[in-house]
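Residues per chain are reported as follows:
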Amino acid sequence: MEGDTFSSLGNYATQLDGKMSQTFQKSFVQVQNILDQNRVLINEINHNQESKLPDNLSRNVGLIRELNNNIRQVVDLYSDLSSNFTKSMEASSQGDSTGHKRNRPC
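This text gives an overview of the structure that appears in the document. (Residues numbered from 1 in each chain as written. Predicted model: local features only at pLDDT ≥ 70, side-chain atom pairs only at ≥ 80, totals over all residues. Heavy atoms only, no water.)

What follows concerns helix α3 (residues 18-51). With 34 residues, α3 extends 50 Å between its outermost C-alpha atoms, agreeing within 8% with the 50 Å of an ideal straight helix rising 1.5 Å per residue. Regarding α3, the residues found buried are F24, S27, F28, V31, Q32, I34, N38, L41, I45 and N48. Note on α3: the residue one or two positions beyond its end, K52, has a positive phi of about 60°. (Helix = DSSP H or I, 4+ residues; strand = E, 2+ residues; numbered from the N terminus. Expected span 1.5 Å × (residues − 1). Buried < 20%, exposed > 50% of the residue type's maximum accessible area, 1.4 Å probe, protein only.)

Laid out in structure tokens, this is it:
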């Protein structure tokens, strides 16, 4: 799944410098790790809910808080990615070192 995310950036990634590309990759890996954690949390929450045991239901409060914090982190990471991507595309459309304007990808 992770490879699909990076390959979908295809044409855009080739226009980014190495550092920016590494930043995108790092952020996508962080997002994927958090989403994997969320999957585990959701499974545990569902299991606790189905058990209907008071201790398990109480534990869900903390698990749901953790899940909400993880979702906030994902939103922040995507927001940063969007901002960084926009800045990099604006910079690449400003032109190369010879002053020629580059074409934006479609």
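Here the narrative resumes, following the displayed structure.
This part is about the packing of α3 against helix α4 (residues 54-93). Two packed helices can be described by the angle between their axes and the distance between those axes. Two elements in contact, α3 and α4, have axes separated by 9 Å at closest approach and are oriented at 160°. Considering their axes alone, α3 and α4 lie roughly antiparallel with respect to each other. Taken as a pair, α3 and α4 cross one another with a handedness that is left-handed. (Axes fitted to C-alpha atoms, helices over the stretch in contact; angles between N-to-C directions. Parallel < 35°, antiparallel > 145°, perpendicular 65-115°, else oblique. Left-handed = near helix turned anticlockwise from the far one by under 90°.)

Moving on to the side chain of N38. Its place among the elements puts N38 in helix α3. Among the polar contacts listed, one links the side chain of N38 to the side chain of N70, at a separation of 2.8 Å. Sequence-distant contacts of N38, that is, excluding residues within four places in its chain, are made with L67, N70 and I71. (Polar contact = N/O pair within 3.5 Å; in protein donor to acceptor, adjacent residues only side chain to side chain. Contact = heavy atoms within 4.5 Å.)

The subject of this paragraph is the packing of aromatic side chains. This structure, assessed with the given rule, holds 1 aromatic pair. On the basis of an interplanar angle of 65° and a centroid distance of 5.9 Å, the ring pair of F24 and F85 is categorised as edge-to-face. Taken as a pair, F24 in helix α3 and F85 in helix α4 lie far apart in primary sequence, 61 residues in all. Taking the relative accessible area as the measure of exposure, F24 reaches 5% and is therefore buried. (Phe/Tyr/Trp six-rings, centres within 6.5 Å; stacked < 30°, edge-to-face > 60°.)

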